[in-house]
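# Close look at the chain arrangement
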Amino acid sequence: MHRPRPPRPAKVRPPVLETLRLLEPGIAMVTNRLGDVLARTSAYESVTAGTGLLDTDAPNLTRYVFTDPRARTFFADWDAVADEQAFDLWLAPSVENSEWLTAELAPVAGPAADEETSQALARLRDLPPHGRLRAIS
């Protein structure tokens with residue numbers, strides 16, 4: 001069953017946009033837990049030009065990391081970035097959002113996904129269910 005895409009936020013809050021403005025000419029972006037790129041500095045656009053990350057109308061960091069071969073070149077620490085994106089899927093704000101993006105990635109990554117991509121996504125199954133993380137003192 002294909003789930004419809006959850007709506008993206010209509011706009012980024014003004015204080016967040018102001019923070020990005022103050023960070024110029026620094027390299028910064030704002031994403032949600034699904035990896036949707038919601039806002040970015042012009043310096044970020046310059047650095048990522050030609051990488052494929054911002055080539056769509058609705059850029060998504062998670063989709064890019066797991067489905068675009070250029071991500072391996074762009075991110076020297078791709079395995080750490082992939083783990084972070086997979087963990088953010090686990091933390092996603094709702095089960096529906098997480099299921100939607102995972103379902104969207106599966107056909108693209110599919111059986112042709114390389115071992116590292118498969119391992120990063122498989123590590124999600126090893127995480128405890130939401131609400132069971134506890135600090136050990």
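Everything that follows concerns the structure shown earlier in this document.
Here the structure is a predicted model, which means the values were calculated and not measured.

## Thoughts on the overall build of the protein chain
- Along the protein chain, the regular secondary structure elements total 7 helices and 2 strands.
- Secondary structure elements of the protein chain occur, N-terminal to C-terminal, as α-β-β-α-α-α-α-α-α.
- The buried share among the 137 residues of the protein chain stands at 34%.
- Taking all contacts inside the protein chain whose residues are at least 6 apart in sequence as the whole, residues at least 24 apart take part in 47%.
- Total accessible area computed for the protein chain in this model is approximately 8,800 Å², and 57% of it derives from carbon and sulfur atoms.

## Some words on the nonpolar core
- Residues L53, L61, Y64, V65, F66, F75 and W78 are the most contacted members of the largest nonpolar core, which totals 14 residues.
- Within the residue set of this core, elements represented by two or more residues are α3 (61–67) and α5 (78–90).
- In this view, L53 contacts Y44, T48, P59, N60, L61 and Y64; residues no more than four positions away in its chain are not counted.
- Counting 5 residues, the second largest nonpolar core, distinct from the first, contains V12, L20, V30 and A39.

## Focus: the pairing of strand β2 (residues 37–40)
- Judged from the 3 bridges that link them, strand β1 (residues 29–31) and β2 form a sheet pairing that is antiparallel. Among the inter-strand pairings, M29 is bridged to a residue of β2, identified as R40.
- In textbook terms, the turn of a hairpin is the stretch between consecutive antiparallel strands, and for β1 and β2 this stretch comprises 5 residues, one of which, G35, has a positive phi near 95°.

## Considering unusual backbone geometry
- At the junction of E24 and P25, the peptide bond is cis and its omega measures out at 5° in the coordinates.
- Examined against the element boundaries, P25 turns out to sit in the loop between α1 (14–23) and β1.

## Things to note about the pattern of salt bridges
- Under the defined criterion, the tally for this structure stands at 4 salt bridges.
- Between R21 and E18 there is a salt bridge; the shortest N-O distance is 2.6 Å. Highlighted residues: R21 and E18, both in helix α1, separated by 3 residues, approximately one helical turn.
- With relative accessibility at 35%, the residue E18 sits in the partly exposed group.

## What about the side chain of T51?
- Relative to the helices and strands, T51 resides in the loop between α2 (42–48) and α3.
- The contact partners of T51, leaving out residues within four places of it in the chain, are Y64, D68, R70 and F74.

## Quick look at the packing of aromatic side chains
- Evaluated as defined, the whole model comprises 3 aromatic pairs.
- Aromatic side chains Y64 and F75 sit 6.3 Å apart centroid to centroid with 70° between the ring planes, which places their arrangement in the edge-to-face category. Of this pair, Y64 sits in helix α3 while F75 is found in the loop between α4 (70–74) and α5, placing the two residues 11 residues apart along the sequence. Each member of the pair, Y64 as well as F75, carries the same accessibility label: buried.
- Ring geometry for F66 versus W78: centroids 6.4 Å apart, planes at 85°, classification edge-to-face. Within this pair, whereas F66 is found in helix α3, its partner W78 is found in helix α5, the two being separated by 12 residues in sequence.
- The exposure class of F66 is buried, given its relative accessible area of 6%.

## Quick notes on α5
- For α5, built from 13 residues, the straight-helix expectation of 18 Å at 1.5 Å per residue is met to within 8% by its first-to-last C-alpha distance of 18 Å.
- Residues of α5 that are buried: W78, V81, A82, Q85, A86, D88, L89 and W90.

Cut-offs used in this document
- Residues numbered from 1 in each chain as written.
- Predicted model: local features only at pLDDT ≥ 70, side-chain atom pairs only at ≥ 80, totals over all residues.
- Heavy atoms only, no water.
- Helix = DSSP H or I, 4+ residues; strand = E, 2+ residues; numbered from the N terminus.
- Buried < 20%, exposed > 50% of the residue type's maximum accessible area, 1.4 Å probe, protein only.
- Contact = heavy atoms within 4.5 Å.
- Areas by Shrake-Rupley, 256 points an atom, 1.4 Å probe, with all protein chains shown as cover.
- Core = buried A, V, L, I, M, F, W, Y, C linked by side-chain atoms within 4.5 Å.
- Pairing = 2+ DSSP bridges.
- Salt bridge = Lys/Arg side-chain N within 4 Å of Asp/Glu carboxyl O.
- Phe/Tyr/Trp six-rings, centres within 6.5 Å; stacked < 30°, edge-to-face > 60°.
- Expected span 1.5 Å × (residues − 1).

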